[in-house]
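Structure assessment
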Amino acid sequence: MKIHIDIDCFFVSASRIVEPSLEHKAVAIGGRSDTKIFNKDAKNQTVNFENSGSFVPTFYKAYEKKDDDIASFTDANGRIRGILTTSSYEARSFGIKTAMTIREALQLCPHLIIKAPNMSLYQKLSHELHEFLCTKIPLVEQASIDEFYGDLSGWVEDKDIPAFIDALRHEILHALKLPVSIGAAPTRYIAKLATTYAKPFGSKVIDKYNFDAFVNPIAVGNFAGIGKSMKQKLSAVQIHTLGDIRKRRGTLESWGPYAKDLYKRVNSEIDAPIKTTHRRKSIGISRTMDPLYDRVELKRRVHIIARHLVYAILKLDVIPTVFHLGIRYEMNQRSHKNISMAELFTEKKFDSLCLRLFNEADSQKRLKVINLSINCSSFTRDSKKELSLIGFEDEKKMRELTEQTQVLRERYGIDTLKWGSEM
Ligand SMILES: [Mg+2]
């Protein structure tokens, strides 16, 4: 059997570890743009990289934030800004939902406690849970920051699975103070579905005896992989529940490969193996900011993003060969520039490259910028592309310098060495 483990309202649960007084209270985590890396006096910070699905960086120290109260969501004009990313079950009973604005949420629940996100803490806890699970189950796959799959086949006998997963969630709570819910089923898709119905802090096993009774009444929208448009398409032909899907094989097959596959996932006819290793395919940083016109300041921010990316790229020990810089302007305008370059990776070269990409991408010079993103991909370790040998010896020296810089930054923080152009 496969199991799916999901941390209950993860960000709230994480803040309760740091602040136990939040237990049993209506708590929510507010999201807002994180532009702190651009502060000129930035010191000892950790930075969160765009998470491309399953990868969780493990090299950031958790740190305490002091600005985690409602004041940090209030702008200079006294307006409360930001949206909610997570809420506790106590808050949900007041109608609080994910993606609600903080202002709306406070109208529904005036005593709601709102905390700022602490990505470094989440990454640390996620990593700890991953490590813990690996000691308990032979095959563990991390699916997102708070979700894991495991394969119990040949490890725990089917009849012992209910007791095993029940014990597991109590062990996790005891060891890491994280409440999780666990679903078990013959396939990962049904296990994930079972977890949804086990929440909060519960476990649920779906086997051949209760499969029909469990799956059939569930609304199609609750199955992972059925989005808004698929839901509409199904609804148009009177398919509203998973049981309806199971009765309409022909209809789904006639819609092409995705729907055909969906039918099989719902019907537990196919499964995907548990993948224990993940190779990251790209790494990037994106920052949303208050609309900014000043190009000098924007370029300074490009340098800063570049410096943080260099740190991560060296940590990952990869050589990216495709670089992407994206700009989002006010009035919904966008622009981007890509470049491929298969050369030795050095900080100096990467920094100049990012600046060049920015200059080329910045096609709407009269508009204010609201988001900057840089993404690096096609790592040579994966693609086995040969690096260009032109100027290789000179570059090796630059590479050594880059590596020495990294040693210092690992010891003293990413802000230890900055570029003159950032100051
Ligand atoms: Mg969760």
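Whatever comes next refers back to the structure up there.
Residues numbered from 1 in each chain as written. Predicted model: local features only at pLDDT ≥ 70, side-chain atom pairs only at ≥ 80, totals over all residues. Heavy atoms only, no water.

1. What about the packing of aromatic side chains?
As a reminder, the rule being used: Between 30 and 60 degrees the pair is tilted, below 30 it is stacked and above 60 it is edge-to-face, where a pair is any two Phe, Tyr or Trp rings, Trp via its six-membered ring, whose centres lie within 6.5 Å. Numbering of helices and strands runs from the N terminus; a helix is a DSSP stretch of H or I covering at least four residues, while a strand is a stretch of E covering at least two. Exposure categories follow from relative accessible area, calculated using a 1.4 Å probe and restricted to protein chains: below 20% of the type maximum is buried, above 50% is exposed, and the middle band is partly exposed. Comment: the charge-over-ring label is applied if NZ (Lys) or CZ (Arg) is within 6 Å of the ring centre and within 35 degrees of the ring normal.
For the structure on display, the rule yields six aromatic pairs. Centroid distance F323 to F350: 5.8 Å. Interplanar angle 50°. Geometry classified as tilted. Taken together, the residues span a long stretch of sequence, with F323 in strand β10 (residues 322–329) and F350 in helix α13 (residues 347–361) at a distance of 27 residues. With respect to class, F323 is no different from F350; both count as buried. Grouped by ring-pair contacts, the aromatic residues F10, F11 and Y122 constitute a single cluster. Lying over the aromatic face of F201, R169 brings its terminal NZ or CZ to 4.5 Å of the ring centre.

2. Regarding the pairing of strand β12 (residues 369–377)
Rules: For two strands to be treated as a pair, DSSP must find no fewer than two bridges joining them.
With seven of nine residues buried, β12 is to be regarded as a mostly interior element. Sheet topology note: the strand β9 (residues 282–292)/β12 ladder contains eight bridges and is antiparallel. By the bridge assignment for β12, L292 is matched with V369. Bridging between β10 and β12 involves eight bridges; their strand directions are antiparallel. Looking at the pairing, Y329 lines up with V369 of β12.

3. Some thoughts on the coordination of the magnesium ion
Selection criterion: Each metal site is built from N, O and S donor atoms within 2.8 Å (3.2 Å for Na, K and Ca), and since water is not included, such sites may look incomplete.
Each protein donor to the magnesium ion is listed here as D6 (OD), I7 (O) and D146 (OD); together their distances run 2.0 to 2.4 Å. In the primary structure, the donors to the magnesium ion are separated according to the pattern D-I-x138-D. Here D6 is found in strand β1 (residues 2–7), whereas its partner D146 is found in the loop between β5 (139–144) and β6 (147–151), with 140 residues between them in sequence. By the burial criterion, D6 is buried, and D146 matches it.

4. Examining the state of the cysteines
This is how it is decided: Criterion for a disulfide: a pair of cysteine sulfur atoms within 2.5 Å.
Under the definition given, this model contains zero disulfides. Between C376, a free cysteine, and C354, which holds the nearest cysteine sulfur, the sulfur-to-sulfur gap is 6.4 Å. Classification of C376 by relative accessible area gives buried; the value is 0%.

5. Description of the sheet that holds strand β4 (residues 113–115)
We count it as follows: Axes here refer to lines fitted to C-alpha atoms; in helices the fit is confined to the stretch in contact. Angles between the N-to-C directions go from 0 to 180 degrees.
If you trace the three strands from one edge of the open sheet to the other, you get β3-β2-β4, paired in mixed fashion. At either end of the open sheet lies a strand with only one pairing partner, and these are β3 (83–87) and β4. Adjacent strand axes in the sheet meet at a mean angle of 40°, parallel and antiparallel pairs treated alike.

6. Some thoughts on unusual backbone geometry
Cis geometry is found at the peptide bond from K199 to P200, where omega equals -10°. Locating P200 in the fold gives a position in the loop between α6 (188–198) and β8 (203–205). Even without a glycine there, the phi angle at F201 is positive, about 40°. One can find F201 in the loop between α6 and β8. In the Ramachandran plot, S268 falls in the positive-phi region, its phi being about 60° despite a non-glycine side chain.

7. Points about a nonpolar patch on the surface
Applicable threshold: Patch rule: a residue counts if its relative accessible area is over 30% and it has no salt bridge; like charges are joined within 9 Å, and nonpolar side chains (Val, Leu, Ile, Met, Phe, Trp, Tyr) within 5 Å. Calculation of accessible area relied on Shrake-Rupley with a 1.4 Å probe; when residues are assessed, cover is drawn exclusively from the protein chains displayed. Salt bridge criterion: a side-chain nitrogen from Lys or Arg within 4 Å of a carboxyl oxygen from Asp or Glu.
Among the surface-exposed residues, L408, Y412 and L417 lie close enough to one another that they form a single nonpolar patch of about 260 Å² accessible area. Along the polypeptide, L417 turns up in the segment after α15 (392–412).

8. A closer look at the pattern of salt bridges
Pairing is possible between side chains that carry opposite charge, provided their charged atoms lie close to one another. Under the defined criterion, the tally for this structure stands at 19 salt bridges. One salt bridge connects E297 with R300, and the closest N-O pair in it is separated by 3.0 Å. Of this pair, E297 and R300 are both found in helix α12 (residues 295–316), three residues apart, which corresponds to roughly one turn of the helix. As far as burial versus exposure is concerned, E297 and R300 are alike and both buried. Via salt bridges that share partners, D6, D8 and K199 belong to a single interconnected network.

9. Some points on the sheet that holds strand β7 (residues 180–185)
Rules: We call two residues in contact whenever any of their non-hydrogen atoms come within 4.5 Å of each other.
Pairing is mixed across the open sheet formed by five strands, whose spatial order is β5-β6-β1-β7-β8. The sheet terminates laterally at β5 and β8, the two strands that pair on one side only. When strand polarity is set aside, the average angle formed by the axes of neighbouring strands in this sheet is 15°. Taken together, the five bridges between β1 and β6 define a ladder with antiparallel strand orientation. Note on β6: the bridge partner recorded for D6 is E147. Its contacts with the sheet put helix α4 (residues 119–136) on β1, β5, β6 and β7, and the angle it makes with β5 is roughly 160°. Strands β1, β5, β6, β7 and β8 of the sheet are contacted by α6, whose axis makes an angle of about 140° with β7.

10. Topic: the packing of helix α1 (residues 10–18) against α4
Test applied: The cut-offs work like this: below 35 degrees is roughly parallel, past 145 is roughly antiparallel, 65 to 115 is roughly perpendicular, and the gaps in between are oblique. Throughout, the ten residues Ala, Val, Leu, Ile, Met, Phe, Trp, Tyr, Cys and Pro are labelled nonpolar, Asp, Glu, Lys and Arg are labelled charged, and all others, Gly among them, are labelled polar.
Axis separation between α1 and α4 bottoms out at 10 Å; the angle between their running directions is 95°. Regarding the angle of α1 to α4, the classification is roughly perpendicular. For the pair α1 and α4, contact is made by F10, F11, A14, I17 and V18 and by M119, L121, Y122, L125 and S126, respectively. In terms of residue class, the contact of α1 with α4 is made up of nine nonpolar, one polar and no charged.

11. A short note on the packing of α4 against helix α5 (residues 161–176)
Our working rule: Take the far helix as your reference; a near helix turned counterclockwise from it by less than a right angle gives a left-handed crossing, and one turned clockwise gives a right-handed crossing.
Contact pair α4 / α5: the axes reach a minimum separation of 11 Å and the direction vectors enclose 140°. What the angle tells us is that α4 and α5 run oblique. Regarding α4 and α5, the two cross each other, and that crossing is right-handed. Mapping the contact onto sequence places E128, L129, F132, L133 and K136 in α4 and F164, L168, E171, I172, A175 and L176 in α5.

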